[in-house]
Amino acid sequence: MIATLITLVVAAVTFGTVLMYGTLGEILTEKSGNLNLGVEGIMYMGGAFGLAGAFYYEKAVGAAASGPMAIALALLAAFSAGCVASLIYSFLTITLRANQNVTGLALSIFGTGVGQFVGEFMRVSENGYVALSNHLKDAFSQAIFPSFFVNIPVIGRILFSHTFFFYLAVVLAVLMYLFLKKTRYGMYLTAVGESPSTSDAAGINITKYKYLATVIGGGISAIGGMVYIMTTAGCVWNHEGLSGVGWLAVALVIFCMWRPLNAIWGSVLFGAMMIMYLRVSLPFVPTEIYKILPYVVTVIVLILTSMRNSRSKQPPASLGLNYFREER
């Protein structure tokens, strides 16, 4: 029983790490008042470009390819792809003041198409198979702690058997919390999301904060797509595995009540619910029921927080609303 539970937790962390990046990126975006529903497309682009960065690096240098360099290039390629996609969204919604919901949905479709095109282009140009060598696969999927820590009874596998990307995501969540709560610029960003007109009157550059938060947030979300391809998918392009992950990240933002630290345990919980049918399968419960559990839980959380009427657990007041300075 304990062994089964530990295995479930480890698998939940693996899938939850993908969600954590998508969620943290969207939290940063929404803190500025921008509702970017294009996370699905952004993560597709991150997965395709991240794999391309590592794959073409290894193809260029051959056996001399190093794991740390491949990881760095995959991170850079995925982050850059997410930033470019989010820059397009920012230009349309902040500068041109297009509808955020429509633009986000368009970006989701656009990003999915671009990601699939890049992935399939690599696959076709390489005669139907795109994958990294075994030693680079190990660099992306192996635990970063020595086996001594991993072999500690019970807690060893739970705490120390994960990849570099999980611990990076945890550090990122903590840094984002400190930035939003403890720094002047983080408080400015929160103020922009709550009341852009008041922030503008106080001399805060609304456009700069919205652009930076949205573009950087998109880059962080894109890393989640890369992490899925490089860990869960085994460094092989798999466009089907990413389907729905971006929407799940958007739901997780609501579940976490726009708090970065909640994304750590929330992503693991959602990861467990998504893969539970593989580990704790009940014959009378259809697989589809397991897969909709995260969304059902999110709706329940929305209802409970609305009943409490607590402002601290509500979204930024200007979320999804374009700012028109002349209406101030």
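Everything below is about the structure printed above this text.
What you are looking at is a predicted structure, and each value in this text was computed from that prediction instead of being measured.

The rules behind each value
Residues numbered from 1 in each chain as written. Predicted model: local features only at pLDDT ≥ 70, side-chain atom pairs only at ≥ 80, totals over all residues. Heavy atoms only, no water. Helix = DSSP H or I, 4+ residues; strand = E, 2+ residues; numbered from the N terminus. Rg over C-alpha atoms; globule rule 2.2 N^0.38 Å. Buried < 20%, exposed > 50% of the residue type's maximum accessible area, 1.4 Å probe, protein only. Areas by Shrake-Rupley, 256 points an atom, 1.4 Å probe, with all protein chains shown as cover. Phe/Tyr/Trp six-rings, centres within 6.5 Å; stacked < 30°, edge-to-face > 60°. Lys NZ or Arg CZ within 6 Å of the ring centre and 35° of its normal. Salt bridge = Lys/Arg side-chain N within 4 Å of Asp/Glu carboxyl O. Axes fitted to C-alpha atoms, helices over the stretch in contact; angles between N-to-C directions. Parallel < 35°, antiparallel > 145°, perpendicular 65-115°, else oblique. Contact = heavy atoms within 4.5 Å. Nonpolar A, V, L, I, M, F, W, Y, C, P; charged D, E, K, R; others polar. Patch = residues over 30% accessible without salt bridge, like charges linked within 9 Å, V, L, I, M, F, W, Y side chains within 5 Å.

For the protein chain, the count of helices and strands is 14 helices and 0 strands. Walking the protein chain from its N terminus toward its C terminus, one meets helices and strands in the order α-α-α-α-α-α-α-α-α-α-α-α-α-α. The globule rule puts the C-alpha radius of gyration for 328 residues at 20 Å, and the 20 Å found for the protein chain is close to it. Taken along the three principal axes of its C-alpha coordinates, the protein chain extends 60 × 45 × 40 Å. Every one of the 328 residues in the protein chain was classed for burial, and the buried ones make up 48%. Surface summary for the protein chain: the accessible area is close to 15100 Å², and the carbon and sulfur share equals 69%.

Moving on, we get to the packing of aromatic side chains. Inspection of the entire model under this criterion finds 14 aromatic pairs. Summarising the aromatic geometry, the rings of Phe55 and Tyr56 are spaced 5.2 Å apart at their centres and angled 75° between planes, so their arrangement reads as edge-to-face. With a centroid separation of 5.2 Å and an interplanar angle of 70°, the aromatic rings of Phe166 and Tyr167 are classed as edge-to-face. With a relative accessible area of 12%, Phe166 lands in the buried category. Across the ring face of Tyr185, the terminal group of Arg184 is positioned such that the distance to the ring centre comes to 5.0 Å.

Looking now at the pattern of salt bridges. Here the structure, examined in full by the defined rule, presents 2 salt bridges. When the shortest N-O distance is used, the salt bridge between Arg123 and Glu120 registers 2.7 Å. Taken together, the residues span about one helical turn, with Arg123 and Glu120 both in helix α4 (residues 100-125) at a distance of 3 residues. Residue classification places Glu120 among the partly exposed residues on the basis of a relative accessible area of 25%.

Further remarks concern the packing of helix α9 (residues 184-194) against helix α11 (residues 206-232). The contact between α9 and α11 brings their axes to 10 Å, and the two run at 100°. On the basis of their axis angle, the class for α9 and α11 is roughly perpendicular. Two secondary-structure elements touch here, α9 through Tyr185, Tyr188, Leu189 and Val192 and α11 through Ile206, Tyr209, Lys210 and Ala213. The residue inventory of the contact of α9 with α11, partitioned by class, reads 7 nonpolar, no polar and 1 charged.

With a phi close to 60°, Arg97 is a non-glycine residue in the positive phi region. Tracing the chain through its elements places Arg97 in the loop between α3 (67-95) and α4. Judged by its relative accessible area of 30%, Arg97 is partly exposed. One non-glycine residue, Trp258, lies in positive phi territory at about 60°. Inspection of the secondary structure assignment puts Trp258 in the loop between α12 (245-255) and α13 (262-279).

What follows is about a nonpolar patch on the surface. Together, Leu105, Trp247, Ile289, Ile292, Tyr295, Val296, Val299, Ile300, Ile303, Leu304 and Met307 line one region of the surface with nonpolar side chains, adding up to about 990 Å² of accessible area. If one sorts the elements of the nonpolar patch by residue count, helix α14 (residues 287-308) sits on top with 9 residues. Topologically, Val299 is positioned in helix α14.

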